Structures are given as C-alpha cells and as structure tokens.
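Letter by letter, the chains look like this.
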2 protein chains.
Amino acid sequence: MSSPLEAERRKSRVSSRELAYVLHQSKSHVEKLERLEQLLVQDPVFNHEKMYYLTRGEQYKRATQMAGKAEIIAHRNNLSEEDTALLHVILQGFTGCPSSTALHTGMFFKNLGLLFTNKQQAKWMQMAKQWRMVGCYAQTELGHGSNVRGLETIATYIPATDEFEIHSPTLTSMKWWPGALARTANFGVVYARLLLGGKDYGVHNFMVQLRDLESHDAIPGVTLGDIGPKIGFNNVDNGYCKFNRVRIPRLNMGMKFAAVTREGKYMKNSDVPQEVLYFTMLQTRMSYIRSSGLALAKASTITIRYSGVRQQGYDANNPDSKEELRVLDYQTQQYRLFPLLAAAYAITLTGNQVDAYSLQLADQIKQGDPSMLVVGHAMSCGLKVLTSEIACNGIETCRRACGGHGFLVSSGLPVLLGDILQMVTAEGENFVLCQQTARALLKIHGQYQASGRLPSAMQFIANIGKPSRAQPRSKQQWLTLDTYVDVFQQRFLHSLRGLVDKVASEPSIAAGIQNNSMHCYKLSNAYTFLVLVSNFAESVHAASAETQPVLQLLCKLFALTQLEATAGEFMESGCVFPNEMPIIRDNIEDLLKLIRPHAVTLVDGFNFSDHTLNSTLGRYDGNVYEALYESAQHDPLNHSSDKVALHELLRPIRDEIASKSRL
Amino acid sequence: MSSPLEAERRKSRVSSRELAYVLHQSKSHVEKLERLEQLLVQDPVFNHEKMYYLTRGEQYKRATQMAGKAEIIAHRNNLSEEDTALLHVILQGFTGCPSSTALHTGMFFKNLGLLFTNKQQAKWMQMAKQWRMVGCYAQTELGHGSNVRGLETIATYIPATDEFEIHSPTLTSMKWWPGALARTANFGVVYARLLLGGKDYGVHNFMVQLRDLESHDAIPGVTLGDIGPKIGFNNVDNGYCKFNRVRIPRLNMGMKFAAVTREGKYMKNSDVPQEVLYFTMLQTRMSYIRSSGLALAKASTITIRYSGVRQQGYDANNPDSKEELRVLDYQTQQYRLFPLLAAAYAITLTGNQVDAYSLQLADQIKQGDPSMLVVGHAMSCGLKVLTSEIACNGIETCRRACGGHGFLVSSGLPVLLGDILQMVTAEGENFVLCQQTARALLKIHGQYQASGRLPSAMQFIANIGKPSRAQPRSKQQWLTLDTYVDVFQQRFLHSLRGLVDKVASEPSIAAGIQNNSMHCYKLSNAYTFLVLVSNFAESVHAASAETQPVLQLLCKLFALTQLEATAGEFMESGCVFPNEMPIIRDNIEDLLKLIRPHAVTLVDGFNFSDHTLNSTLGRYDGNVYEALYESAQHDPLNHSSDKVALHELLRPIRDEIASKSRL
C-alpha cells in the first residue's frame, strides 16, 4: 500500500521543485543550499534527533560542538564568507535557533565594524576571526530594555591612568539577557553611560574583556552567570554580568561617532552620518521578514503533511463509508491551515523582495543619499511587526491543529514556536515599534501636504483626500487583484486620515502618538497588509507559468481571509459593505476546495529536508506513528528503573493509613 | 521609599478583600481556602521555588512527593472529601498542573463509579481509597484521538477460561497519552473493542492490571513507557502501553451499561439511562470554565503587577519629566491587559454560576428529568471552547506584555500557559466541539419551530424571525447593559438563521454541520459571548454595593472590546452601524482611564498567594528585580564550572586554523 502522502502528491500536477525555485529565488540557489546542507549532515555531530531529550546544559554543549564543527567545515572547504553565513543559517534551521557563536560572527562583528574606528577594528578583527576573541553585545540590563537612554551601567574616565572604570552601580544595572554572555564570550561590547569629570554624556559603547583568553576564567571584578530557563533559545547562554569597578584602556571606547581625548575631552565625530546607525537596525528588522515566513512555512509543512496522514471521524456526506476521513478533508482544518500556508508564501516572497530592497538601500546610503530611509523605516517596522505576529500566532494555530500530538516536543512544533516567539519582542517590541511606523507615515504625509511630493512607493497616499467610490461588487469581482489592492488601500487611508486628525489636536506629534498608540498599532498593520497583498500579487505575476495558477489561488485566499478577519475596519472605512460578506465567504470556501489537492505539493515547495524539520509528524514519507514511538525511546525516563511512585507515594500513604488504623 | 505597588494600591478605595468574596463566592469560602493553603505551606516539601530548575524526571518525583504528602495531611487532619478535593486544587495551583495522583482520585474514581456495577465497585473502591490500587484512564491510542469508534485495542472473550484477552494488534493501537500510565498507575480502565465469537460489539471498558501491587513491576505482556517531553504537564507521567495478549477475568469488564455472560452472550442493560454518561462529560467540561478564568486571572495578576513596577520611556505629555513612566500608564499596555482582566472576571463569575447550574442539573437528572440536558450541552460546549481560547490566547498576550522577562520560566507565565494549553484540545477539541454547540442549538430551534416552545434560558430565540430594529445609538447609550445584550443577541440570531438556512439545503443535519463547520464555530462563539455578557452583567448586579461600580466598568469594557474585535459580524447582522465605531472606541478609551487606578486592586481581588503565583514578576511586594536575580541562582548551570565553550569551540577551531596555517 502506498503512503497517504504519495497519494496526496499525485493529486497535483504542479511541480514542487518549480515552487522551490520561486520561493528560493532560483534553481542554482536551491542547489547550493542543498549542497551546503550535505556538507553538514555527513558529520555525525549534526545528527540531532536526540536534541529534544537533552537538558538545557546538554543542549548548549551540543549546539556549541555543532557550531564549532560548522566553522571547521567552512574552513576546510574554503567556503566564501557568504557561503559560510549560509552554512550557519542552515545549521540554525536544524537546531531551531542560532548558536551563541552566531552572535559572535553576526552581531559582534557587525558592531565592531559599526561603532569602532578602522584603527580599533584592525586591532581586534583579526583576533575575532581567529576565535581568540569571542564577543557578545551587552546592552540590556535587568531593569532596562528597549529604552537605551535609561541604562545605568557607568563608564567613568580616570585621567590618572588613561582608563575607563566600568561599574554596575545598582542591582537593576546588571547586564541581563545578552546571548553568549553566560558561558561563551570572552569580550563584550558594553553599553554604558560615559562620565567625564562628573558630567554624564549619555550612553556609549566600550570593548570590555570578560574572561581570560587562555583559561576562560572571568576577569577579576566581572561576575557572570546564566539567567535561567526561558522560552526558546535553549542553545544560547543568555547571561548576566555585574561589573565591580573594572578598568579598561581609554582606547577601548567605540570611537567612530564620538571620542574621548587623553585629557578627558569629549569630541563628537560629525563626519559619520547617523543614518548608518539607523540603517543597521533597519537591516536587522528587514532580515526578520523572510525568517518569519520560513518559520511559518515549517509549521505549515509539518501540520499539512500530518493532516494528510491523520484519520479521524466519518464522512457525513458518505454515510456508508467505513473508512475514517483524513483531517485535511475537513473544512475547519482547511480554514485554519490554508490561509497560513498562503501567508507563509506571502511573507517569504515579500521577504525576497525586501532583501533585494535592503541591498539597494545600502547602495543609496553609500552614495550619500538617505532619502529612501523614511520609506524603508516605515516598511521595515511595519513588516517586522505584522509578519512576526502572523508567524507566531500561525505556528500556534498549526500546533493546535495537530491535536494531542502537537503537544509533543518531538513534533518539532513547540521548539519551533519557542525559538520564533522572540521576534515579536526583540528588535523593537511590536507595540512600541508600530509607533515608529506611524511616525514615519505621518512624516511622509506631512511632507506631501507641504510639497505635494510623495516617494514612489507611497504614491497612493495622494488618494487620501478622495472619498471612497466603492460600489458593491459581484462574486467574480471579489476575485480580482485590483479589488483587493483598492480595499486594502482604502482601509489604510481611512486609518491614516484618522490619525492625522487626532494628532493635529495634540500638543506635539510625540504626544499625539503616545496618546493614540492603539490607533498607531492598527495603522501600522493596515499599511503593512497593503504592502503584503501588493507584493504577493507582484511576485505571483513574476512567477513561472507553471506555478502561477496555484500561486494566484493562494494570493486570493490570503487577501480575502485577512479582509474577513478585520472586516469591521474595512466597513468602517466605507470600502466594503456589510452585505458583501456572504459573497466573500463563498469565495473563500471555493478557494479552500481548489487549493485542497495541491496542499501537500505546496508545502513540499519550501523544500525543507527531514533533517531540518526534525519532526515526527512532518516527515516526508508520512510514517508519523513509527516516528513518534521511536522518538520516545530516546527519553532518559525510559531508561531508568527507579520506582518513584512506589517509594514516594504508595508506601508512605499506605504506611500512614496502616499506622492510623492500628491506633 | 514605599514600593510602587503600594502607591498603586492607595489609588483605589475599593477593598480587594470585598472583591475576593465576590469572586470566591463568600467570606467563609475565602477563609477556608486560606486555611487549607496554610496546612500545605507549613511543610517544606511544598517549598517549590526551585521547581523551574528541575529536569522533567525530577519534577515528576517532586510532584509525586507533594501529592503523597497532601494526601497524608488530609488524612491526619481528618478533612472531609470535599475539603480534601479543595486541598488538591490548591496544590494544583502551586505546581500549575494536576499530579498523576489527581487522575486517580479524580478521573479513575469517577469512571469506577460510572462504568462498573455496585458489586464491581465494592471490590475495587476500598483498594483504590487505600492506595493499594492506583488507576489511570486509558482511552486514546497512538493513532486515535477523540473518535472513540476508531479505537483498535481488542478484548476477545475466551470462554474456555472465562477471561478476556486484551491485545494491541497494531502500532497505532498502542495506548498513548494517558496520564499516570508511564510510571504511577498499577491498574487502568482500558477502552477496547469487545469481540465475542468473532463479532465486534464496539468499544467497552475493562479493568486491567498493569503492574504488580507490591513490586510495581509491569505485568507480563504489558509494555509501559513515557511518551516524551511535551508542552505543560511536566508533573504528569503521560505514558504508552502495549498489550501482548494479556488475560483478565471476565468480571473485569465494566458491566453497568452492558454485560457478557459466562456463555459469552452480550446483554445491554437498558435500565441505566445513557444521559448519565453524557452528563459526566458535560460536568467535566463545565469544570473547565472557572479553571480557565482563574488561569487568566493569574496571568493578569503577574502582568499588571509587573507593569505597575516596570518603568520604560518618557512621558511625551510632560517633556520636562526625567522619570520614566510605568508601563501600566501606556494606552497600548492598558488596551492589551484590561480587557483580559475584565475577561478573567467575566469567566470566573460565569464559572461560579455554571458550577451552581451543574449541581442543579445533577439533581434534575437524579429525579429522572433530562429535559435541561440539551441547554446544558450547548452551554457547556460553547463555554468550554470560548473560555479556553480566551484564557490561552490571553495568557500569551500577558506574557508578551511583560517584554523580555516574560520569556523567563521564573516569571511563572511559560509554565502557566503550558499547563492550560491542553484546555483547547482536551475534552473535545474546540473546532470539533463547536459542532456540538451548533447541533444542540439547531435542535432547540427545530423544537421551537415544531412546538413553539423554548427552554427558559433560550427564550431569546423567539426573536429569530423579527427584523433588527437597530438605530444608531449615542455615546451614553453605548454604555448601557441593554444595548450590549441586544447587539450580542442580534449577532447570534443572525448567525443561527444563516446556519438553519444552509443546513436546510443539505442531505442531512450531520452533512450540513460537517460542510459548514466554520459557520458552526462562529455560531458557537456568538452564542457563548451572549451567555458571558449576560451572566457577567447578572453577577455584577448581585455583587456588593462597594464593588459594583468598578465591576460595572469591567463589564462594559468586556462587552465593548469583544464587540470591537469582531465588529464586522455585528455590522453584517445589521445591529451595529459602521459609523458607530468611533463612539464605541471613545467609550473604550474612557473606560481604560477609569479602570487604571483600580488595576492593581482588581488583580489583588483574586487573592492568589505568592506561593500560588510562584512568579518573580508577580510578587505582591513588587520586588521583581531582586526575585529575578535570586531565582537565577537556582540554575544548575550557575553551579557548574565546566568550560564548554573553551573545550568544544575555541580550542578545536584555533587548532584547525593553526594546523592549516602550518601547511
């Protein structure tokens, strides 16, 4: 008997390989990713099927071994910097989260290049590349998160010795959360308030040695530890650090943007544009988009494959049938999963476009033209917020759609969710970040009012004064791209108009945003849905002829289900009429049926290997029950013969009862 | 300097003690709960601050010790059965989830009473009460969840020896998930297909011994194991069990509803009404409601207290202020948290009413009157689905509203969420269970069409034919109870009318429900929101004069924010107009400001002890940063001096680089 997933795959004539080329940009890129993955999986250290059964300490050790081995493999194969980075992305795909060393090769390297002068870089970059120096990025404190201005760690200049003294003056000033701080890093880029002759110059960066390079012992005055178990990131040693008057050379201050002279004089370096700093944060946010899409794609792959295998209940339309239905045949299951599959496509394809846009922006900034930054800012903030929420909430929906087995760590879903959840909080907490989107949109609107000009990506803002000309549409009209772009635009413009009016009656823009922060949140999402719907439609338009029809189904489903979920906002803006909803839902139900035969092929298109999915439920061959049973055999509890229940429960209670009855 | 939470408490004149009496039914009940909690916390085994740092095996051991000690304490203090049950509920509050032994005293006892004859009960109940027998309830199988008809385990009658042979014929027939099966239970109530002379009589229950009563070793033919790590329930040994032709006496079959004679003849016992079986499931679902409310209340307590302590960012309305704002002062934080606080009140108070209703129903059924079962069915299914989703999604919202520290297990939120998540899946998966609500509502509507009669709790269905008479309302009218009950009713009736029409065009009701299962889901929630809003309003009306005004604010906020979240459905039903939304939102924003000064007092009203919350962020005294740091000291990683990074990462890479450069 052939497996149920093979039967599923025969239902669609679309090639999953062609879909992979669309999702991963080209045939050659797909093949390169596969080649790099093979370099890793050949080594037994990457055999990670037992990872789910290790303690946190053991997981960290294993992840550290893997990261070390990946670095050695890259070295032995003379991989380019770009391919080495890809290799680490693939490794991250295996283990669900970056290893602590990725914080070294990623964030620490980036900060070294960004905050320190060329001369300073020359001193440390070589050490860092040879792994004599391993760095972390120590910003947040126990009592201070995203408001950098509130940080308490101090760096006092000591002219007598030409040193800074790094000190944690309070409990809340302790560094807390930085990855790689607890056990990995021997250096840190530490954010601290600069004190010169008693005056506070605000927060600056300092290169501080944390551990001895040879013995790996903490430097005197530095207290290091682990912040304890957390959701996700169990491969990473998030740590705390308390400084007790630790001295560092003056030249360890990051001196690209500002410097302190031997005499203790503060000097701003006005040659370096602040945009470069902002752009780095913007790039980081942009890199989240595609990651969100792929995380949701993983969950969709696991859940849709399992739903194609799992049988439950009988078909009321066919009462004589004795065979149970596959759960993928139920409308509720389709309604829960296919819009998420469509969202995974929408976000991944938009991520491709954003990655290209990010390179283009970098070029413009190099050429001294920061004019596109405000659009990039709005887009990166809005997309980071919306796509991280769609992905996190969507992965949990997938998990619930797997029933009881979705609770098992071996399904892969709990760890996947745990590792992605940080996306809604890190790099700008979503509710805070939305205020940035709103601020940028208000700025663009303000410039338009003043000059009549709009950036090319924002031309539709010119329609803000025009009343909605909406007329009820036919069922067929509700399946055309123009309709969606129009209604998502109208919804956004209505929200923008509302915020502009509210802010106008406030004492300042800042106060207007703070006092209407929920409006900002909704505005940001209204704008970003427009971006996603438009970009998805563009990507489909550019896709290969073979894949276009099925991608169009996904695009329509994405737009209509997102519209349905917040239908009230569309109606309030006057662009959708309450009595259109039955037609819209009819279309959705039709689309679910049309997508059904392609569902497994569509998830195959993401081209995740079984090694990357590491899921008992998501296996390509569909042998989920064998996998569940075999995986459970790795649990240490199944290799222990202690009799806890007998000794800790039954005998004590029986003794108690016996002693009492003897009285 | 007094703590920020003391300052918060001084802002409200409402007594949190009075609120506790409302939420927990009476002053005397509150005092009893406090007395029972004191019985436990005096014993050091219940000191659980290190629980978050234990492995799963260690947690199980600790929870088992606690459960044993609680039983002994109950015994020594001669607690009544009711108070013993309360003691276990309090213990469950400490550890977040029931221990495996709660499955013995709860589900196993219940099944013993329900499925077995008095004679059978007499044989086992004494053993079970003396803890010589410890039971579990073995229904689900590796390949089979909520569809009991699909179970594969077989029980073949062997006339020669007057025995049944229990057998697992396939991999997928292995029992999988039952709590207490892996390490605790020595007996199980096993669901298996009854085979008599080759004929399959469907699924019945059998009392099967799993382990030796003295040695606790598995009985020959029984293979037992742990199903591996999972989300939540880390105190419970969810297990698997494979039967290899295990013989049990014929009289171990549960013979209350059907029996097998010595000759192998099958006999239905028609004296016992099936309603009793259904009612037990209904009672279990009803017991979920209050638990959901209290779980959400715990998360609200932790998050609102922490938000009253945590400072972040500066006040744009007061640009000269140097002090950072408390995050509870931000509109987005209030918008996220206060509706959940209101929902916690709504669900807990509705839970009180449901618990009373459940006792009333039990009485009616005892008196042979099952007429109210259909209303109880609709209500229990609908409330289980909606309240479990509000609670689970709400706890995650609370966790996100705690920023980075909400990821720490020591915050209490990850474990709280993990343990409550099963509520959306267990006792009827929510999307499946909604079809039950819809079926019951269709039945009630059908009876109304046939007879013109409606149950008293469903009188409003008589309005189904009447057109909506809605007129746009003023801001003030949107703050009156009648308005809410009316619009929630209209939304529900519109949805019911729609489903009735759709089902009418289908070949059968079953097919109509299956083919419109998303409609059923929405109908169930529309009905249940009406129940929640009406019941909340009733509870507020009955509350003490001192607490009424602030409870009214919560009730209004609950209704208006739930309306806003699904505004499209209300507009589609014609009872809310798109241009009313700005007024509704104004009211919401006003309510948030009015509730703000009472927020900490309102969570204090739930009366959770610090011992029960077990949260670094939720402490009554607000000393969160000391607690975070101290808690992290329990992590075993902070008591280990191995140098993983040096040995597994730095030296291997440095050696590799050195060896290559020597070439």
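Definitions and cut-offs
- Positions within a chain are numbered from 1, following the residues in the order the chain's sequence is written.
- Labels are handed out in written order, letters beginning with A for the chains and numbers beginning with 1 for the ligands.
- The predicted nature of this model means local features are confined to residues of pLDDT at least 70 and side-chain atom pairs, given and counted, to a pLDDT of 80 or more, with totals for whole chains, interfaces and linings taken over all residues.
- Hydrogen atoms and water are omitted, and side-chain values are computed over all heavy atoms in the structure.
- Helix and strand assignments follow DSSP, with helices taken as H or I runs no shorter than four residues and strands as E runs no shorter than two, numbered in order from the N terminus.
- Note on classification: 1.4 Å probe, protein chains only; a residue is buried when its accessible area is under 20% of the maximum for its type, exposed when over 50%, partly exposed between these limits.
- Each polar contact in these results corresponds to two N or O atoms within 3.5 Å; when the atoms are within protein, one needs to be able to donate a hydrogen and the other to accept it, and residues that are neighboring in sequence are counted only if both atoms are side-chain atoms.
- Between two residues, a contact is recorded if the distance between any of their heavy atoms is within 4.5 Å.
- The term buried area denotes the loss of accessible surface (1.4 Å probe radius) that occurs when two parts are joined, taken as the sum for both partners.
- By salt bridge we mean one thing: a side-chain nitrogen of Lys or Arg within 4 Å of a carboxyl oxygen of Asp or Glu.
- Residue type decides the class: Asp, Glu, Lys and Arg count as charged, Ala, Val, Leu, Ile, Met, Phe, Trp, Tyr, Cys and Pro as nonpolar, and the leftover types, Gly among them, as polar.
- Cysteine sulfurs are considered disulfide-paired once they come within 2.5 Å of each other.
- Here the copies are superposed with least squares, the fitted atoms being C-alpha atoms of residues at a pLDDT of at least 70 in both.
- Across the chain, each position has a pLDDT score giving the predictor's confidence in that residue, from 0 to 100.
- UniProt positions are given in the numbering used here, feature names are shortened, and annotations may be inferred rather than shown by experiment.
- What we call a nonpolar core is a set of buried Ala, Val, Leu, Ile, Met, Phe, Trp, Tyr and Cys residues that are connected through their side-chain atoms within 4.5 Å.
- A pair of strands counts as paired when DSSP detects no fewer than two bridges linking them.
- Pairing of aromatic side chains here covers Phe, Tyr and the six-membered ring of Trp, requires ring centres within 6.5 Å, and sorts the geometry by plane angle: under 30 degrees stacked, over 60 edge-to-face, intermediate tilted.
- Here, a charge over a ring means that NZ of Lys or CZ of Arg falls within 6 Å of the ring centre while also lying within 35 degrees of the ring normal.

1. So, the side chain of A:H204
Residue and element names in this part refer to chain A. In this fold, H204 is placed in strand β6 (residues 199-209). Since its relative accessible area comes to 11%, H204 is described here as buried. One polar contact links the side chain of H204 to the main-chain carbonyl oxygen of G202, over a distance of 3.0 Å.

2. A closer look at the environment of A:I219
Residue and element names in this part refer to chain A. Relative to the assigned elements, I219 resides in the loop between β6 and β7 (222-226). I219 sits in the partly exposed class, given a relative accessible area of 21%. The sequence separation of I219 and N186 amounts to 33 residues, and the corresponding C-alpha distance is 9.1 Å. Excluding its chain neighbours within four sequence positions, the residues that come into contact with I219 are Q209, L210, R211 and D212.

3. A closer look at the interface of chain B and chain A
Facing the 129 residues of chain B at the interface are 128 residues of chain A. Between chain B and chain A, a total of about 11100 Å² is buried, with carbon and sulfur atoms accounting for 59% of that surface. Contact with chain A buries surface across chain B, with B:R400, B:F407 and B:Q514 losing the most and accounting together for 6% of the total. For the pair chain B and chain A, the interface holds 14 salt bridges. The salt bridge involving B:R56 is made with A:D635; its shortest N-O contact spans 2.5 Å. If you tally residues by element for the side of chain B that touches chain A, the top one is helix α22 (residues 644-662) of chain B, at 13 residues. In terms of residue class, the side of chain B that touches chain A is made up of 51 nonpolar, 45 polar and 33 charged.

4. Describing the state of the cysteines
All names here are of chain B. For the structure shown, the criterion picks out zero disulfides over all chains. For C241, which is in no disulfide, the shortest distance to another cysteine sulfur is to C136 and amounts to 7.8 Å. Under the relative-accessibility criterion, C241 is labelled buried at 1%. No disulfide involves C575; its sulfur sits 17 Å from that of C555, the nearest cysteine.

5. Description of the relation of the copies chain B and chain A
There are two copies of the chain, and a rotation about an axis plus a shift along that axis relates them. In screw terms, the move from chain B to chain A is a rotation of 180° and a rise of 0.0 Å along the axis, fitting with an RMSD of 0.0 Å. Those values place the two copies in the arrangement expected of a two-fold rotation axis. Within chain B, the C-alpha atom positioned nearest to the axis of rotation is that of B:G568, 1.9 Å from it. By residue overlap, the copies meet face to face through one surface: 99% of the interface positions of chain B are interface positions in chain A.

6. A word on the confidence of the model for chain A
With 99% of its residues at a pLDDT of 70 or more, chain A shows a mean pLDDT of 94. Across the interface, the model reports ipTM at 0.97; the global pTM reads 0.97.

7. Observations concerning the UniProt feature "domain: Acyl-coenzyme A oxidase N-terminal" (unreviewed entry) in chain A
Within this structure's numbering, the places UniProt gives as "domain: Acyl-coenzyme A oxidase N-terminal" (unreviewed entry) are residues 16-133 of chain A. Helix makes up 74% of residues 16-133 of chain A and strand makes up 0%, while its end C-alpha atoms are separated by 44 Å.

8. Looking at the nonpolar core
Generally speaking, nonpolar side chains in soluble globular proteins are found buried as a group. Among the nonpolar cores identified, the biggest contains 285 residues, and A:Y345, A:F492, B:Y345 and B:F492 are the most heavily contacted of them. Among the elements that line this core, the one with the most residues is helix α9 (residues 331-366) of chain B, at 17 residues. Apart from the residues within four sequence positions on either side, A:F492 is in contact with A:L441, A:F460, A:I461, A:L523, A:A526, A:Y527 and A:L530. A:A155, A:F164, A:F206 and A:L210 belong to the second largest nonpolar core, which has 27 residues in total.

9. Comments concerning the UniProt feature "domain: Acyl-CoA oxidase C-terminal" (unreviewed entry) in chain A
When the UniProt feature table is mapped to this numbering, "domain: Acyl-CoA oxidase C-terminal" (unreviewed entry) covers residues 481-653 of chain A. The span residues 481-653 of chain A carries 72% helix and 0% strand; its end-to-end C-alpha distance comes to 70 Å.

10. Considering the sheet that holds strand β4 (residues 175-176) of chain A
Residues and elements named next belong to chain A. Across the sheet, which stays open at both edges, the three strands sit in the order β4-β8-β7 with antiparallel pairing between neighbours. At either end of the open sheet lies a strand with only one pairing partner, and these are β4 and β7. As defined by bridge partners, β7 adjoins strand β8 (residues 239-243) across five bridges and the pair is classed as antiparallel. Looking at β8, one finds that D226 is bridged to G239.

11. Looking at the sheet that holds strand β4 (residues 175-176) of chain B
Two strands in a sheet stick together by hydrogen bonds in their backbones, pointing the same way (parallel) or opposite ways (antiparallel). The sheet built from three strands is open, its strands ordered β4-β8-β7 (chain B) with antiparallel pairing. Both outer strands of the open sheet, β4 and β7 (222-226) of chain B, are each paired with one neighbouring strand and no more.

12. Here's the deal with the pairing of strand β2 (residues 154-158) of chain B
Successive residues of a regular strand alternate their side chains across the two faces of the sheet. All names here are of chain B. Across the five residues of β2, four count as buried, placing the element largely inside the fold. The pairing of β2 with strand β3 (residues 163-167) spans five bridges and is classified as antiparallel. Note on β3: the bridge partner recorded for I158 is E163. Here β2 folds back onto β3 in antiparallel fashion, the turn holding four residues, of which D162 has a positive phi close to 55°. As paired elements, β2 and strand β5 (residues 187-196) share three bridges and run parallel to each other. Within the sheet, the bridge partner assigned to A155 lies in β5 and is L194.

13. Quick notes on the packing of aromatic side chains
Evaluated as defined, the whole model comprises 33 aromatic pairs over all chains. Ring geometry for A:Y629 versus B:Y240: centroids 5.4 Å apart, planes at 70°, classification edge-to-face. Here the residue A:Y629 occupies a position in helix α21 (residues 624-632), and B:Y240 occupies one in strand β8 (residues 239-243), the pair thus bridging two chains. For B:Y240, a relative accessible area of 3% puts it in the buried group. Among the aromatic side chains, those forming a connected cluster through ring pairs are A:F488, A:F529, A:F536, A:F558 and A:F570. Its end group placed over the ring of A:Y620, A:R9 keeps NZ or CZ at 3.6 Å from the ring centre. Looking at B:R336, its charged tip hangs above the ring of A:F431, at a distance of 3.9 Å from the centre.

14. Section: the side chain of A:Q59
All names here are of chain A. Assignment of secondary structure puts Q59 in helix α4 (residues 56-76). For Q59, a relative accessible area of 15% corresponds to the buried category. Engagement of the side chain of Q59 in a polar contact is seen with the backbone oxygen of L54, the distance being 3.4 Å. With residues up to four places along the chain from it excluded, the contact list for Q59 reads M51, L54, N234 and N235.

15. Structural notes on unusual backbone geometry
At A:N78, a residue that is not glycine, the phi angle is positive and equals roughly 50°. With respect to the element layout, A:N78 can be found in the loop between α4 and α5 (81-95). Note on A:N78: relative accessible area 61%, which makes it exposed. If you check the backbone angles, B:A180 has positive phi at about 75° while not being a glycine. Tracing the backbone through its elements, the reader meets B:A180 in the loop between β4 and β5.

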